[in-house]
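Reading the structure
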Amino acid sequence: MAATVIDGKAHAQRVRDALAGEVARFTEQAGAPPGLATVLVGDDPASDVYVSNKQRACAAAGIAGFDHRLAPDAPADEVATLLRALDADPAVSGILLQLPLPEHLDARALTELIGPAKDVDGLTAASAGALAQGRPGLRPCTPTGVMELLDAHDVALEGAEAVVLGRSTLVGRPLALLLLERHATVTVCHSRTADLESVCARADVLVAAVGVPRLVGVGHVKPGATVIDVGINRGPDGLVGDVDFDAVAERAGLITPVPGGVGPMTIAMLLRNTLAAARAQQAPAAVRST
Ligand code: NAD
């Protein structure tokens, strides 16, 4: 294998260990720990696992967890009342509304009930707008995790050709903006991009966030490129990414595996955002992006 494999699990653990120290110092100084409220509506098994992992990670970092679970048929006003109460609760620094929601609920409208100061998922229009305009604010966790991995491996971004596959509000779009902020030349590809392979093959940094197993093959990759795989696809072979890892690892310079690449970073960045939100709520004038 030519490529160096990025160990996202180990890096996420280092971030979480460092955060635990920062959380302890914050708690001592503020007299109360940062708090993360998670809201899960329904009984989707994957969401249940995600929320439980987030709560466990909070506990390990010394962050207070508030784990709210509502019935699958919870009416919109019940979810809205809970979100408003959490937004007003000083013990809650950050709020995470686990998506997807059951079909009868309007995810966008409910997400907007989270104030920007507590939007640790970075998904409200206010947070997305702040990112688009380069203003301070909380940034979405998965794209921030990708940036953290790139920085940890000293990947040069200024002037580099970066290609992002996927334009979702959760991953692709915010990631493109974060790369742009770091002076990369960014191209965003999507389901209707013509000649995807040749566009991807220009990339010094190629990030796949599509949800199509092994879409990115060796022909999409410039020799020596950094390839980051955000995809998580459950199939007969277990979890696979959007990148054909074995083939692409022969050509890339740096590559993330699935699992064990970007995934663990998402929770680490959620904890970091929760601490940043708590700090900003302590000293509103000092609101900083993470
Ligand atoms: P999404 O379905 O919202 O968006 C997928 C994007 O891919 C769309 O913009 C679409 O235009 C594009 N696309 C679809 N088919 C394509 C094709 N054949 N060629 C080029 N582009 C194509 O998905 P999402 O929420 O952005 O998630 C993407 C993947 O990342 C999924 O596998 C998801 O499970 C994973 N994910 C992982 C994490 C993590 O923590 N690692 C977090 C969020 C999402």
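What you see is a predicted model; the values in this text were computed from it and never measured. Within each chain, residue numbers correspond to sequence positions counted from 1 in written order. Whole-chain, interface and lining totals are the exception, using all residues; otherwise, since this is a predicted model, local features are given only for residues with pLDDT of at least 70 and side-chain atom pairs are given and counted only at 80 or more. The basis for every side-chain value is the complete set of heavy atoms in the structure, and neither hydrogens nor water enter the calculation.

**Notes on the sheet that holds strand β8 (residues 226–229)**
Two strands are said to pair when DSSP picks up at least two bridges between them. For helices the rule is a DSSP run of H or I covering at least 4 residues; for strands it is a run of E covering at least 2, with both sets numbered from the N terminus onward. Strands sit in the order β1-β11-β8-β7-β5-β6 across an open sheet of six strands; the sheet is parallel. Of all strands in the sheet, those with a lone pairing partner are β1 (4–5) and β6 (185–189), marking the two edges. Of the strand pairs in this sheet, β1 and strand β11 (residues 254–255) are connected by two bridges, and their pairing is parallel. Among the inter-strand pairings, Thr4 is bridged to a residue of β11, identified as Leu254. Of the strands in this sheet, β5 (161–165), β6 and β7 (205–208) touch helix α7 (residues 172–181), which is tilted by about 170° from β5. The contact definition used throughout considers only heavy atoms, calling two residues in contact when any of these lie within 4.5 Å. Only the stretch in contact is used when a helix axis is fitted, and all axes are lines through C-alpha atoms; the angle between N-to-C directions ranges over 0 to 180 degrees.

**Some remarks on the site of the ligand**
If a single non-hydrogen atom of a residue is within 4 Å of a molecule or strand, that residue counts as near it. Surrounding the ligand, one finds 21 residues, the nearest of these being Arg167, Ser168, His190, Ile232 and Thr266. N or O atoms within 3.5 Å of each other form a polar contact, as long as, within protein, one can give a hydrogen and the other can take it, and as long as residues adjacent in sequence are counted only when both atoms are side-chain atoms. In this structure, an oxygen atom belonging to the ligand sits 3.1 Å away from a main-chain N or O atom of Ser191. Contact distances for the ligand include 3.5 Å between an oxygen atom and a backbone N or O atom of Val230. The protein chains hide 71% of the 860 Å² of surface that the ligand would expose on its own. Ten residues, namely Ala, Val, Leu, Ile, Met, Phe, Trp, Tyr, Cys and Pro, are considered nonpolar, four, namely Asp, Glu, Lys and Arg, are considered charged, and the remaining ones, Gly among them, are considered polar. Grouping the constituent residues of the shell around the ligand by class yields 10 nonpolar, 10 polar and one charged. Note that accessible areas follow from Shrake-Rupley with a 1.4 Å probe, and for residues the cover is restricted to the protein chains shown.

**A short note on the pattern of salt bridges**
Within this document, salt bridges are pairs made up of a side-chain nitrogen of Lys or Arg and a carboxyl oxygen of Asp or Glu, the two lying within 4 Å of each other. Under the counting rule described, the total for this entry stands at nine salt bridges. In this structure, Arg139 and Glu181 form a salt bridge, with 3.8 Å as the shortest nitrogen-oxygen distance. Of this pair, Arg139 sits in the loop between α5 (125–132) and α6 (141–152) while Glu181 sits in helix α7, placing them 42 residues apart in sequence. Each residue's exposure class comes from its accessible area (1.4 Å probe, protein chains only) as a fraction of the maximum for that residue type: buried when under 20%, exposed when over 50%, partly exposed otherwise. Residue Arg139 is classed as buried on the basis of its relative accessible area, which comes to 4%. Two residues, Lys222 and Asp204, come together in a salt bridge whose shortest N-O distance is 2.7 Å. Taken together, the residues span a long stretch of sequence, with Lys222 in the loop between β7 and β8 and Asp204 in the loop between α8 (196–200) and β7 at a distance of 18 residues. Judged by its relative accessible area of 31%, Lys222 falls in the partly exposed class. For Asp204, a relative accessible area of 27% gives the class partly exposed. Taken together, the shared-partner salt bridges in this structure form one network comprising Asp48, Asp67 and Arg69.

**A closer look at the nonpolar core**
Residues grouped as a nonpolar core are buried Ala, Val, Leu, Ile, Met, Phe, Trp, Tyr and Cys residues, joined through side-chain atoms within 4.5 Å. Among the nonpolar cores identified, the biggest contains 47 residues, and Val146, Leu150, Leu179 and Leu271 are the most heavily contacted of them. Secondary-structure elements contributing two or more residues to this core are α1 (8–30), α2 (45–61), α6, β5, α7, β7 and α10 (263–282). The element best represented in this core is α10, accounting for 10 residues. Not counting chain neighbours up to four residues away, the residues in contact with Val146 comprise Leu175, Val207, Ile228, Val230 and Val262.

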